Each structure stands twice: as C-alpha cells, then as structure tokens.
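Chain residues, written in single-letter form:
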Amino acid sequence: MSSFEPRIVAFLCNWCSYAGADLAGTSRIKYPPNVRTIRVMCSGRINPMFIVNALQEGADGVLISGCHPGDCHYSKGNYYARRRYQVMKNILEYIGIHPDRVRMSWVSAGEGQKFADVINEVIEGIKALGPAEEIRRR
Amino acid sequence: MINIKINSVPLEVEEGTTILEAAKKGDTPIPTLCHHPALDSFGACRLCVVEIHYGKRVKIVTSCNYEVWDGLEVFTDTDRVRKSRAMTLELLLARCPDVRMIKDLAREYGVKQGRFSEESDNCILCGLCVRICKERMGVGAADFVGRGVDMKIDTPYSRGSDACLACGACVTVCPTGAIDLEKRFSRNEPVPLKSVFNAGMSTKPVIATPFPQAVPNIPVIDSANCVYLRTGGCRTCETFCEAKAIDYDQKDETVEVDVGTIIAATGFDLYNPEEKPEYGYGKYPEVITGLEFERLVSASGPTGGKILINGKEPRKVVFIQCVGSREEGGKREYCSRVCCMYTAKHAHLVKERLKDAEISIFYTDLRAFGKGYEEFVNRVKDEGTTYRRRELNEPIEVTKKKGKLTVTAKGHPALEADMVILATAVVPREDSLELARKLNISLSPDGFFLEAHPKLKPVETLTGGIFLAGCAQGPKDIPDTVSQASGAASRAISILSKDTIMMEAITAAVNEAKCRGCGLCVEICPFNAIELKEINRLGYTVKVASVNEALCKGCGSCSAACLSQAVQQKGFTDTQILEAIRGIV
C-alpha cells in the first residue's frame, strides 16, 4: 500500500489557481507529480459530470480550485462552483464514492506556496483512502 | 475716478478709497498698527497720520479712515507728521518696552525711552483681535474692558470664553504677539492643524496648498476646520483673493470616467515603528523616521532645512535600518529595497550640514545594488560614517536616561545619541485589497499588487488592460519606478492606439437544435450576455438561448449549468474537457 501513488486530476481556474500553480513553478517550489492539471477559464465551468468522469477514467481523487470568495474574475463563478461542490458531495456518497476524494480549495495567483501545500494535503488524503476502484471503467 | 497727489506725485484712484489704500497703490509706505485690510478702519493707533493740504489749509488726519476727494494733496513724511508719529511711538514704547515691532519703529523715528515711566505690557490696544472676532468670526469672545488707563482686552469676568471657537484668528492678526489664547481667552482647546506633508512636524493654515509641487498647484479649504463652513463667519480669504477664486460651495464629488486602460500606481504606506516599542519611536521625540528626517533637511520643510531636534543641532546621530522589513516568517519577509540608499544619503546630508557630527548606521546587509550605488556608499563611509552590522534577530534597544538616548546592540558598544533615525519598511497601501477587488487583480502574499509574470510580464496584471507601476507592485526605488511606469504607459498606449481589440475566441455558443429554452443559462450568466430568442423549429415557434458575443467574457458557467449540453464554451466544450481527462489519467 505504501507504494500507492494516487492519480489526481486538478481543475484549476485560469485567473487564480492556474496562475498560482504557474507561480509555484516559476518560484521553483516542488510538489509531487501525482497531480495533472486541467485549465478551465473559471471554476464555474466545472460540470459535476467531469468529476465523475475523471474518477471513472482512473483518477483516485479530484481537486477543484478557484479564486478566493470575492476575488472571482467573473464575479460569481467560484460561488457557483462552491454550490455545485456541496451538492456533488452528497451525490458522490449516494453512488458509493467517498466524498473526500473530491476536494475544493481557494488558491490565488499569488499563492504559489499554498498551491504546493494544497497538493500535498490532497495527496496525503487520497493516499489514506487508497485507490478509487468503485466506479472505475477499466 | 479721483485725482489726488501723494508727496506731489499725481495718482488716480477710485472713489471711496482711503488715503492709506491710495498710498499703498502708489507704493508709498505709511506705518500702521491697527489697520487690517479685512477689517473696518478703526483709527486707534494714530501712527498712520498724514498731512493733507487743501487751499491754504493744512491738517493732520489718520490716513486709514480718511476718504480721498478730488484735488486732495497728501504728504506722508513731513516734519509735522514725523513728530506726531514719534510722540505716539514714545508713548507706545513706554507702555510696551519689550515689543520688538514697537522698538524697531521707535528706532526708525529716532525715539528713545526715558520721558515716561515704563510699563511692561505687550498689548497696544489696537483692537485687531476684538474686531476680527466680532466682525469676521461673528463671535465676539473678547472685548475692551475698563476705561482710560485701565483699559485692556479681556473675556467677560476674565473667565475665558465658551463661545470662542479657538480658531486662532486673533493670534494671527495680533501685531505684538500679546494673545494667550489657550490660557486666557478660550475655554475650548485650540487644535493645531498638522501638516501632513511635513510629516506632522509643522502646522498649516485651514486654506493651504497641499504641498509645494501639488498639481494643480492651488490651495484647498480644510472644510472640517474652516470657520465659514463651520459657523458662517470669517470669509477673510475671499477678501484677500484678488482673483475672486475662492469658492466655498465646492464639494467632494465622485467623477465617473470611461477609460480603455488603467494603470494602478497607488504607491505605498510606511510601517508604523510604534509597533516595535524597543526602538522608542513615539516615546522619545528624538527618535524619528527616515521620512520625518527627509522633511527636516528639506529647504521647504518645517525648519527650513536645518537639522534640529528639540531646537538643537544633534552631535551624535544613529541610523537603524530594517525596521519592520525582512522579518523572517513574519508578515513582511521582503527587503524594502530603498532604505540602504536613503540612509546613506541621510548620513551624507548630516555630514554636509553638521561637519563634526558622529554618525553610526546599524545595517543588516548593505544592499547597494544599483548603478553608482556602491560608489556612493563608499563615499559616505569615507566621510567618516561608521557602519555597524547587526543580525536581524538581534534586537536593538533605544533607551533614555537623564535626557540622553542610548542605543544598545549586541556586539557593539552602547552608543549615546542625540537623534535616532529609523528606516521603516515600505508596506502595501492600507486599501490595496479593496482596490485589487475593484480592479479584479490579485495581491501577492506580501500584500502588493501581483504582476502577471515575475520575469516576463512585470508590468501587466492577469486582467487585460490593467497595468502596474511603482511601489504598488512592490518596494522599488525611483529609477526602477520610472522604468516600470514608462513600460506601463507604453503598454497602455499600445492598446489605446488600436481601433479594434482581439479577444480570445472562448465565448459561449448555443446549439439551437439541442436547446430546450429553459433559461437556466440566462439566469446564471454574470454578464447578462444570454437571452432567449424565438425561432421557428419544424413549423413551431420555440424559445432558445442566444449569446451576445460582445458581452460574453468566456467564463463557461452557462456550459456547466446547461442540462442538455446545448450551450458550449468554445475551446472548453464538454467533449474537449472529457477528452483532456481521458488523456491525462
């Protein structure tokens, strides 16, 4: 079990979290390579279907990260994302997926270190849960 | 117009002018103590006497309240006039032997003390204070009390006045400095208006130009303290303004401007060293900040450029750098970048003004990184300034015993100091978060505005059309600020000079065949870019969503909300994202 390296899909909003991840890179801050990022323009773009799909396709965990409340580039997108996330957690539990596999965080464009910290935290959490076999297709 | 002659020189003046005003117009000096252009003429001091000639008659009159008439001949400096003034001055000098102004005038008229017994009063009973209070301020807090030789200026029952506004107008007009507003006249405490520009080290009038190079360089009225705006009295400045430019009705207003680009160049605040009590700032007046020192050495500053602390020139000066900056693990981990160099400059200025001053600078790491900077620091060192290194985590303490400051730092002898100057940290503006939210830009962890890329886009923000310049983005010195500001300006111009702007093709698009016209996307769109329109589908009129591409900013919230996947954000369609997921896991 200790050799288990989870695969994590991170949906990052273009303006805050993706820029934060970029800053982590330009600042030479290290974080494990378990996370693969998908850039969307806003966390409000993230359809709950994407999350289920990522878990079906083989991800062990999903991270949604957007701008801090009040900082959304499109003024309301991160609030939509937060509401969907809350509803999503109940649905995940209902379909037999541990709700902690899906995490949400706020990382601003200036928080390169926080991005790395969040990634480490998510990986820790997913490692504790083990591989997601529940709804995997293959 | 009326034609008169002053000392045989013809002069044309308006009707109703007094001789004093006419003489002023003709540049003929007439001494006066009780006249003030903003007040009615009083004729109390009798110093403005002049000789007038009409026909064969000659008469002595007070020029301040004598109106001119056609053909009047005035002589301002005849023997008779001088004699009359000398007599008045002799009496005034006996009454107020210590008043400088009276002494100067007496010398001018050859008056010596001796004939009358001396008193030691300061007040010459000109009544300027009484009149400005009554006529201008509309208060009348003090008045003439007593008669004859007992006459004096006082408040009712010598108790001090409740009605007094403590505006200080009487102190300003008093020619002899006889008024003790705080202790005798007013029961309301006068509050000095501190000059913000001089870092609170001097006072300023209610109407003043904010600072010497202000743009526009015109005075403003401090509406909270203006007597006219408080009580409806005064309006003295209006009387003096020849251009009739005083407008009491102006109000603060919010101006809305349509702009294409914005440059955020809102500058910085300074760290308040009172948060670190070990430096003694706020406790000892001899401990000042670098900015306060800057005002102190400035020719337009409170001391006219003289380095004075408690009225004396300091002999021993100690500078302490990194006050509030470079706190490891703290809120301000950054270096403020400007302090090393301005402290070196200050040391140089002290040396320049006070040749035998002993100067010590406590520094952590000397960061003389710019062009010519290292050379300058070496020059300062050669001038005799001692640089003393200290570690950041070793506190420096400033203590005071028997009126002498002592600066103690680990590894150094305790230093006596007459003046301690703190190089305080450059900190983000108090309202930077508020402005960042308004402009939709980000802050870096230190609280300054965040640039789009630390190396390749140091002028841009992540929000298109908004640029950064100066210390709003992070501490920097003047050459760096000028460079960044020039960069920001040219970036802004390059947007403004174009007729059209290219947008990223990431707007939402509707597949009308799939859309069921539920209107969820209409509701969710933060920019009101979607509305329902009617189309003909197989002979039926149905409603479908329609995107206004000019309004759509491409957030994709509608795509995530759409139940039938009819609204898709270009470049971020469901299919594309699902493919991306399949690709990476």
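Okay, so let's go over this structure. (Residues numbered from 1 in each chain as written. Chains lettered and ligands numbered in written order. Predicted model: local features only at pLDDT ≥ 70, side-chain atom pairs only at ≥ 80, totals over all residues. Heavy atoms only, no water.)

Some thoughts on the interface of chain A and chain B
Phase 1: If you look at the interface, chain A gives 40 residues, while chain B gives 37 residues.
Phase 2: With both chains or domains summed, chain A and chain B bury close to 3000 Å², and 62% of this area falls on carbon and sulfur atoms.
Phase 3: When the buried area of chain A at its contact with chain B is split by residue, A:Met41, A:Arg45 and A:Tyr74 rank highest and sum to 22% of it.
Phase 4: A salt bridge links A:Glu57 to B:Arg582; the nearest nitrogen and oxygen atoms lie 3.6 Å apart.
Phase 5: Taken together, chain A and chain B are joined by seven residue pairs in polar contact (both at pLDDT 80 or more).
Phase 6: At the level of elements, strand 1 (8-13), helix 1 (17-26), strand 2 (35-40), helix 2 (48-57) and helix 3 (77-94) of chain A are the ones that each hand at least two residues to the side of chain A that touches chain B.
Phase 7: Here the side of chain A that touches chain B is built from residues that sort into 19 nonpolar, twelve polar and nine charged. (Contact = heavy atoms within 4.5 Å. Buried area = accessible area lost by both parts, 1.4 Å probe. Salt bridge = Lys/Arg side-chain N within 4 Å of Asp/Glu carboxyl O. Polar contact = N/O pair within 3.5 Å; in protein donor to acceptor, adjacent residues only side chain to side chain. Helix = DSSP H or I, 4+ residues; strand = E, 2+ residues; numbered from the N terminus. Nonpolar A, V, L, I, M, F, W, Y, C, P; charged D, E, K, R; others polar.)

Details of the pattern of salt bridges
Side chains bearing opposite charge may pair, as long as their charged atoms lie close to each other.
Residue and element names in this part refer to chain B.
Phase 1: Considering all chains together, one arrives at 34 salt bridges over all chains under this definition.
Phase 2: A salt bridge links aspartate 356 to arginine 315, with the shortest nitrogen-to-oxygen separation between them at 3.0 Å. You can see aspartate 356 sitting in the loop between helix 10 (339-353) and strand 14 (358-363) and its partner arginine 315 sitting in the loop between helix 9 (290-297) and strand 13 (316-323), a full 41 residues away along the chain.
Phase 3: With relative accessibility at 55%, the residue aspartate 356 sits in the exposed group.
Phase 4: Judged by relative accessible area, arginine 315 falls into the partly exposed class, the value being 39%.
Phase 5: Its salt-bridge partner being aspartate 480, residue arginine 337 comes within 2.9 Å of it at the nearest N-O pair. With arginine 337 in the loop between strand 13 and helix 10 and aspartate 480 in helix 13 (residues 478-496), this residue pair connects regions lying 143 residues apart in the sequence.
Phase 6: Judged by its relative accessible area of 29%, arginine 337 is partly exposed.
Phase 7: For aspartate 480, a relative accessible area of 28% puts it in the partly exposed group. (Buried < 20%, exposed > 50% of the residue type's maximum accessible area, 1.4 Å probe, protein only.)

Topic: the state of the cysteines
Here is the idea: a disulfide is a covalent bond, and it sits between the sulfur atoms of two cysteines.
Phase 1: In the structure shown here, the tally under the stated rule is one disulfide over all chains.
Phase 2: Put simply, A:Cys16 and A:Cys67 are joined by a disulfide, and their sulfur atoms are 2.3 Å apart. The sign of the 100 degrees torsion about the S-S bond sets the A:Cys16-A:Cys67 disulfide as right-handed. Of this pair, A:Cys16 sits in the loop between strand 1 and helix 1 while A:Cys67 is found in the loop between strand 3 (61-66) and helix 3, placing the two residues 51 residues apart along the sequence.
Phase 3: Free cysteine: A:Cys13, not disulfide-bonded; nearest cysteine sulfur from A:Cys67 at 3.6 Å.
Phase 4: Here B:Cys562 stays unpaired: no disulfide links it, and the sulfur of B:Cys518, its closest cysteine neighbor, is 6.3 Å away. (Disulfide = S-S within 2.5 Å.)

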